[in-house]
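# Coordinate analysis (summary)
What follows is the residue order along each chain.
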Amino acid sequence: MDGIAQLDEQAVRTLESASGCHGGRDTMLDAAARAGKSEAMDALMRDYPRGPHDQPQSMCPAFGSLRVGLRMRRVATVLCGSACCVYGLSFTARFYGARRSVGYVPFNSETLVRGQVFEDIREAVFGLADPDAVDAVVVINLCVPTASGVPLDLLPRTHNGVRIIGIDVPGFGVPTHAEAKDVLAAAMLRVARAEAEAGPVQRPAGTVDGVRTLALIGEMFPVDPISIGALIEPMGLAVAPPTPAREWRDLYGALDSVAACAIHPFYVASAREFAAAGRPVIGSAPVGLDGTAAWLDAVARVAGVPAAQVDAARAQALGPLRAVLDANRIDARITVSGYEGSELLVARLLIEMGADVPYVGTACPRTDWNDADRAWLEAHGAHVQFRAALEQDLAAMRDVAPDLAIGTTPLVQAAKERGIPAIYFTNMVSARPLFGPAGIGAMAQIVRAQASGRERFGRMLSFFEGAA
Ligand code: SF4
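These numbers come from a predicted model, not from an experiment. (Residues numbered from 1 in each chain as written. Predicted model: local features only at pLDDT ≥ 70, side-chain atom pairs only at ≥ 80, totals over all residues.)

### Re the overall build of the chain
Selection rule: Helical segments are the DSSP runs of H or I of at least four residues, strand segments are the runs of E of at least two, and each set is numbered from the N terminus. Computation of the radius of gyration draws on C-alpha atoms, with the globule rule given as 2.2 Å multiplied by the number of residues to the power 0.38. For every residue, the other C-beta atoms within 10 Å of its own C-beta are counted; 20 or more classify it as buried, 12 or fewer as exposed, and values in between as partly exposed. C-beta atoms are placed from the backbone. Contact between two residues is assigned when their C-beta atoms, built from the backbone, lie within 7 Å.
Across its full length, the chain carries 21 helices and 14 strands. The C-alpha atoms of the chain give 23 Å as radius of gyration, which agrees with the globular expectation for 468 residues (23 Å, within 12%). With the C-alpha coordinates of the chain rotated into their principal frame, the extents come out at 70 × 65 × 35 Å. Burial analysis of the chain (468 residues in total) assigns 51% to the buried set. If you take every contact in the chain between residues at least 6 apart in sequence, the share linking residues at least 24 apart comes to 73%.

Structure below.
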C-alpha cells in the first residue's frame, strides 16, 4: 500500500521499540512524516497544541476515541495497535463500564511492511459492516500503525450502507484522552453534516416540532443536561441530543440546533463542524451564579431571544442559586488539577462557594471556549495553568499546602503522603452534577467530607513517623 511501502522492516522494528508512552515521540513523528502522514499530523498539532511535557501523562489518549465509539448504539469500534496498548485500552474500557466488544486488528513488522495490515483492517471492517446491526464502523489507528502510515483514509466511506470512519489517534499527536474524544466526535459530525447537506436524513429521537434547541458539547453527568434544559426553558429553548452522540441520528439533531455550547472547551474540531453548519459556538458554562448569568446572556445573544424571556430565565435561575450558594459556604483552601477539561468550571464553583483556590491546573489547552473562565479565575486570585504537567500540579500542591487537593491519581497519592486530604477528580468530581443547585449541593458534600479528614491524616502521619 502507499505510505507503508516507504518504511522498511528495520524502520518498523525501530518504531516498535520507540513506541511507548514515555518516549520516542520524535522517532514516531519522523516515521509518520516519511510514511506520508505529515498532513494528518499537522492537523492534529493545529487542533491539539502540545504542552510542556512530550508524552501523555495520563491514560492512553486513544481511550477518549474508544470510549466515544463504545458508548454509541449501533457502532462497532476497532483498534489497530500494539497488543499491550490494546490490552490496556480494553481493560480501561471495561473499568469504565463498556458493555460492547472492542475489535482488534493485530499486526507484526512483516504485515506492516507488506501492507497486509491494511488488508486485514479492510477485511475486519467489511465483516462488521452489517446494516442490520450497525450504523457505523470506527477504526482507530494507535501509535505504531499511525507512524507506519497505515492509510485509513483509503478505506471506502461506506460498505453495505454502513459508514466507515478511520481516524489516527496516536499518543504522539493527541496529548490527552479528552481531546481524543473530539477527534472521533468531529469525524462523525463531519460525515453527518455532509449527509444532512445532501438530502433528507433520519429524524432524531425525541424531536419536538417547533422547539428550538441548543447543542451541548461535552460528556456530562446525566443530571447536568436536565439542569441546563430547565435553565433555558423560559427562553423557549430545549437541549439538543448530546455531543459526543449516543446514536447516529443524534448527530443530525445536534447539528440542527440554533447554537452550540462548548461546555467542555477542548472540542476544537467539533466546534469547527458546528461553525461550518452555520451554528455559532459559545464558551464557558452555567456554573455558579456569575457563570450562569453570563452564560444565559451569551445564549440569548446567539439565539436571538427577546429581552422579556431572558429576564424570565434570569429570574427563575439566579434567585434560587444565590440561596443555595448562601446555604453551602465552603471555608477551605483547595487546589484543583485534572485532565477532564472541566477543571476551570469546578474551580469557579468552589470560589463562588467561598473557597480559596490559588491554583487550577488542566492538562487541556487554552481555547476560545475557556478564555472567559480563565479571566474570571485570574480576577479572583487563581493561577490557571493550561497544559499543566504533573510536576507543576505537584509543586503547586506542595507550595500551597491546601486543606483539600483535587487532582489526578499521582497527585492524590503525593498529597496523602503529606497528610493533605485529596480526591481524584475523575471519580469524585466528574461523577457528580456540576450545574444548577444540584452542582452546589454535590460540591459542598464532597468538600465537607474530605477537608475534615486533615486531622485524621495528621494522626496517621505521626503514627507512622520513623517507620521505614
Ligand atoms: S497507543 Fe497509547 S498506550 Fe500505546 S504507545 Fe501510544 S499512547 Fe501509549
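### Here we look at the domain arrangement of the chain
Worth spelling out the cut-off: Domain ranges listed in this record stem from an automatic or a database domain assignment. The residue classification treats Ala, Val, Leu, Ile, Met, Phe, Trp, Tyr, Cys and Pro as nonpolar and Asp, Glu, Lys and Arg as charged. All others, Gly included, are polar.
Per the domain assignment, the segments making up the chain are domain 1 (4-175), domain 2 (212-322) and domain 3 (328-463). Opposite the 24 residues of domain 2 that make contact, domain 3 presents 25 residues. Going through the elements one at a time, α10 (223-232), α12 (268-276), α13 (288-303) and α14 (307-327) are the ones with two or more residues in the side of domain 2 that touches domain 3. For the side of domain 2 that touches domain 3, a count of residues per class yields 16 nonpolar, six polar and two charged.

### Some words on the sheet that holds strand β11 (residues 356-362)
Stated precisely, the cut-off is as follows: In short, DSSP must find at least two bridges between two strands for them to pair. Axis definition: a line fitted to C-alpha atoms, limited for helices to the stretch in contact. Angles are taken between N-to-C directions and run from 0 to 180 degrees.
Here five strands make up an open sheet; going across it, the order is β12-β11-β10-β13-β14 and the pairing parallel. Both edges of this open sheet fall to β12 (383-385) and β14 (422-424), since each of them pairs with a single strand only. Strand after strand, the sheet turns through a mean of 10° between neighbouring axes, direction not considered. Here helix α15 (residues 343-352) sits on the sheet in contact with β10 (333-338), β11 and β12, set at roughly 175° to β11.

### Some words on the pairing of strand β5 (residues 162-168)
Of all seven residues making up β5, seven are buried, and the element is well covered by its neighbours. Here β5 shows no split at all, with Val162, Ile164, Gly166 and Asp168 on one side and Arg163, Ile165 and Ile167 on the other all buried. In this structure, strand β3 (residues 136-141) lies alongside β5, joined through six bridges in parallel fashion. Directly across from Ala136, in β5, lies its bridge partner Arg163.

### A closer look at α13
Each α-helix turn comprises 3.6 residues. Residues three or four places apart therefore point the same way. Put simply, the test is: To estimate the expected span of a helix, count its residues, drop one, and scale the result by 1.5 Å. Directions from the helix axis toward the C-beta atoms define the arc.
Taking 1.5 Å of rise per residue, 16 residues should cover 22 Å, and α13 covers 22 Å from first to last C-alpha, within 8% of that figure. Taken together, the buried positions of α13 are Gly288, Gly291, Thr292, Trp295, Leu296, Val299, Ala300 and Ala303. Down the axis of α13, the sector holding all buried residues measures 165°, keeping them to one side. Just downstream of α13 lies Gly304, where phi reads positive at about 60°.

### A word on the confidence of the model for the chain
Defined as follows: A residue's pLDDT is the confidence the predictor assigns to it, expressed on a 0 to 100 scale.
Here the chain averages 91 in pLDDT, while 91% of its residues score no lower than 70. Note that pLDDT drops below 50 for residues 1-5; the model gives that stretch 18 contacts with residues more than four away or on any other chain.

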